Amino acid sequence: MIFERHAGNPILMREDIPDVPPAVIDATSVFNPGAVKHDGRYLLLLRVQTRGRETHMMLAESSDGMRFDVRPRVIPVDGLERVSGHIYHIYDPRITRLEGTFFVMFAADTDKGCRIGLARTDDFERLELVGFGDNCGDVRNGVLFPERIGGRYLRLDRPNVRQLEGGVTTGDEIFLSESEDLKSWRALGSVMQGRPHYWDEMIGSGPPPVKTREGWLHIYHGIATHLMNGFVYQAGVVLLDLDDPTRVIARGRDNILEPRESYELIGQVPNVIFPGGMIVDDCDEDGFVLSGSRVLLYYGAADTSVCLATTTVAELLNACRV
Ligand code: BMA
């Protein structure tokens, strides 16, 4: 396989989540983290779920990217209280460092469907809301590019246009959207579509794209929906044009990580690998990651725990072309 699972997986489980009463008491699961490396420290922004099935964001820190301590604090998003209508959950944060600030793009379940929120922070003590929802309708899996391209901010997103058995809304197409102010977004075009009958029938972005000399390297999740006993969530890889990310340069045929270990096969939602955080150790002076660099991929396993798998940029680039 392209990835090697960390021997200590899952690296975070419900037992690792400290109580933060009254919000979090006896957490039921922790999964789908965003990730970033800051000042030599590895940070994970966790999706923590309670037995009331409420979700909260909490921060985990590490000096080696493998052993994490969870801070006993729920991270608030200042400004969410000003959003009209009820927000049930905020979840699946993806972290992008852009123009010297950390931006967190997250999904939010509302009465009108799923919306994408964007918040910023310099220290992960609190998040400050930048934008919420827009004219894009029901949409999820928003990820922000780490730099402006052609003067505009860009994000990948995935409109929820399909309802699966069981009521989950999903979609089979990833779009590129642009913004001048990070608040209102406009779709620029389609990037890629699901492949009916294969591993990635439904798709959605994983961690934010990483800049290589060959293009934007992007890990996404794909859902096989044609299997008899439910859905299988896997990870795949694609390479997008540096100047026009709607142009796919290469896309791997097979998944690059699929549920195999018991902690991926069994849990709150069985058969799920959901990647949301990717840390690449080394880049050159122009900000391109080096092909020999180590890649740490953080993913949610079975909507129950947080896991780590490692590979290199070169392996992922190869996988795009197979
Ligand atoms: C998706 C999202 C993810 C979740 C996955 C599997 O639709 O809700 O947060 O991990 O389903 O349940």
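Not measured: the values here are computed from a predicted model.

If you walk across this open sheet you meet the five strands as 6-10-9-8-7, and the pairing is mixed. Looking at the sheet topology across the chains shown, the edges are occupied by strand 6 (77–78) and strand 7 (87–98).

What follows is about the sheet that holds strand 2 (residues 29–38). In spatial order, the strands read 2-3-4-5; together these four strands make up an open sheet with antiparallel pairing. Edge positions in the sheet fall to strand 2 and strand 5 (69–74), since each of these pairs with one other strand and no more. Geometrically, the sheet is characterised by an average inter-axis angle of 30° between neighbouring strands, direction not taken into account. When strand 4 (residues 55–62) meets strand 5, the two strands line up antiparallel, connected through three bridges. Residue pairing for strand 5: Ala 60 is matched across the bridge by Val 70.

Here we take up the pattern of salt bridges. Following the criterion strictly, the structure yields 28 salt bridges and no others. Across the salt bridge formed by Arg 247 and Asp 241, the nearest N and O atoms sit 3.0 Å from each other. For Asp 241, a relative accessible area of 15% corresponds to the buried category.

For strand 7, the tally of buried residues reaches nine of twelve residues, placing the bulk of the element in the interior. Taken together, the nine bridges between strand 7 and strand 8 (residues 101–110) define a ladder with antiparallel strand orientation. Looking at the pairing, Thr 96 lines up with Phe 103 of strand 8. As consecutive antiparallel partners, strand 7 and strand 8 are separated by two residues, and within that stretch Glu 99 has a phi angle of approximately 50°, a positive value.

To continue, consider the side chain of Thr 212. Considering the arrangement of structural elements, one finds Thr 212 in strand 18 (residues 210–212). A distance of 2.7 Å separates a polar side-chain atom of Thr 212 from the backbone oxygen of Gly 215. Look past the residues within four positions of Thr 212 in its chain and what remains in contact with it is Leu 217, Leu 239, Leu 242, Phe 288, Val 289, Val 313 and Leu 317.

Thresholds applied
Residues numbered from 1 in each chain as written. Predicted model: local features only at pLDDT ≥ 70, side-chain atom pairs only at ≥ 80, totals over all residues. Heavy atoms only, no water. Pairing = 2+ DSSP bridges. Helix = DSSP H or I, 4+ residues; strand = E, 2+ residues; numbered from the N terminus. Axes fitted to C-alpha atoms, helices over the stretch in contact; angles between N-to-C directions. Salt bridge = Lys/Arg side-chain N within 4 Å of Asp/Glu carboxyl O. Buried < 20%, exposed > 50% of the residue type's maximum accessible area, 1.4 Å probe, protein only. Polar contact = N/O pair within 3.5 Å; in protein donor to acceptor, adjacent residues only side chain to side chain. Contact = heavy atoms within 4.5 Å.

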